[in-house]
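Listed below, chain by chain, are the residues.
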Amino acid sequence: MAKVVVSFDHVSKLYKLFRNDKLRLMSVFSKKVNYIEKWAANDVNFTIEQGDSVAIFGSNGAGKSTVLKMVTGVTFPTKGNVVVDGRVSALLELTAGFDPELSGRENLFLKCQLMGMRDKEIVAVEQIIIDFAEIGDYIDQPTRTYSSGMLARLGFAISVNTDPEIFIVDEALSVGDARFQEKCLHKVQEIIARNHVTLLFVTHAIDTAAKFCSRGIVMKNGQVVFDGHIDDAVRLYQSGDY
Ligand SMILES: Nc1ncnc2c1ncn2[C@@H]1O[C@H](COP(=O)(O)OP(=O)(O)O)[C@@H](O)[C@H]1O
Ligand SMILES: [Mg+2]
């Protein structure tokens, strides 16, 4: 039996929506501040095995990115349990964990260390990442001096050049100019084609999902309404009848 690499066990995520930041701050000190509850994920259950390729469909606000962020550890469940076993690399929140005062090179090391890589492994891909990112001599400048495009390119370059075990792609994301995007797409396709890679893919491009994924999850209002064969998921999602 294949190894389970991601499991969601009764996972829910609550966001508290305050009318403004002042009220949000006051809520830290007082229980009396009013807010609206938004369950971005609501009792989500699934397991993903090594090598699975899973597309997540759903309209805007369905909870897709929230689920992905809980896999990457960018955000945590309010209730339930998320277990992830394997090195996660995500094309989402590309620059999460960057320290603006550190140089690009230092952030590269930091991020790779956070992903669980050993120094020797990092040194082996360091130059490959820097070349991919196309930021030249800026690599030794503090990242606060980078444009948002440079930051995103560095984040992307790290994510795709660190031999991911669990690869997460949130398609809403596009980095750089048309030429750089083309280069990214090629790289993503090359990673997805690797046998051992587990893929979690959020996209509105249904053809691409059907090409790369064998399983589809459909979400609505924070809940999983379908989980099964990609063809059935696509049919349901396209019908809009869920
Ligand atoms: N940081 C946040 N603070 C408050 N609400 C959020 C936050 N992130 C997401 N939400 C809300 O949670 C719901 C699900 O969002 P999201 O997971 O981004 O959906 P999707 O990726 O499917 O479009 C939406 O209603 C969204 O507005
Ligand atoms: Mg999203």
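Our structure's up above, just so we're on the same page.
Residues numbered from 1 in each chain as written. Chains lettered and ligands numbered in written order. Predicted model: local features only at pLDDT ≥ 70, side-chain atom pairs only at ≥ 80, totals over all residues.

*Asks:* Would you mind going over the overall build of the chain with me for this structure?
*Replies:* The helix and strand tally for the chain stands at eight helices and nine strands. Taken over the C-alpha trace, the chain has a radius of gyration of 19 Å; the compact-globule value for 242 residues is 18 Å, and the two agree within 12%. Taking the principal axes of its C-alpha atoms as reference, the chain extends roughly 50 × 50 × 35 Å. The buried share of the chain, taken over its 242 residues, is 34%. Residue pairs at least 24 apart in sequence account for 70% of intrachain contacts in the chain once pairs closer than 6 positions are excluded. (Helix = DSSP H or I, 4+ residues; strand = E, 2+ residues; numbered from the N terminus. Rg over C-alpha atoms; globule rule 2.2 N^0.38 Å. Buried ≥ 20, exposed ≤ 12 C-beta atoms within 10 Å, placed from the backbone. Contact = placed C-beta atoms within 7 Å.)

*Asks:* How do you make sense of the sheet that holds strand 2 (residues 36-49) when you look at a structure like this?
*Replies:* The strands that make up a sheet pair up through hydrogen bonds in the backbone, lying either parallel or antiparallel. Reading across from one edge, 2-1-4 is the order of the three strands in this open sheet, with antiparallel pairing throughout. Each end of this open sheet is capped by a strand with a single partner; those strands are strand 2 and strand 4 (79-84). Shown here is a sheet whose adjacent strand axes are inclined to one another by a mean of 20°, direction ignored. Here strand 1 (residues 4-17) runs beside strand 2; their pairing, made up of 10 bridges, is antiparallel. Along strand 2, the bridge assignment pairs V6 with I48. (Pairing = 2+ DSSP bridges. Axes fitted to C-alpha atoms, helices over the stretch in contact; angles between N-to-C directions.)

*Asks:* Looking at this structure, I do not really get the site of ligand 1. What am I missing?
*Replies:* Around ligand 1 lies a shell formed by Y15, L17, K38, A40, G58, N60, G61, A62, G63, K64, S65 and T66. Elements that contribute at least two residues to the shell around ligand 1 include exactly strand 1, strand 2 and helix 2 (64-72). No other element matches helix 2, which puts three residues into the shell around ligand 1. Looking at the shell around ligand 1 residue by residue, the classes come out as four nonpolar, six polar and two charged. (Near = placed C-beta within 6 Å. Nonpolar A, V, L, I, M, F, W, Y, C, P; charged D, E, K, R; others polar.)

*Asks:* Quick question: what am I supposed to make of the nonpolar core here?
*Replies:* For soluble globular proteins, nonpolar side chains are generally found buried alongside one another. Within the largest apolar cluster, 60 residues are counted, with the highest numbers of intra-cluster contacts made by V54, A55, I56, I168 and F201. Counting contributing residues, this core receives three or more from each of domain 1 (1-86 + 166-171 + 197-242) and domain 2 (89-164). Residues contacting A55, with those up to four places away along its chain left out, are F201, T203, A209, C213, G216, I230 and A233. (Core = buried A, V, L, I, M, F, W, Y, C linked by C-beta atoms within 7 Å. Domains from an automatic or database assignment.)

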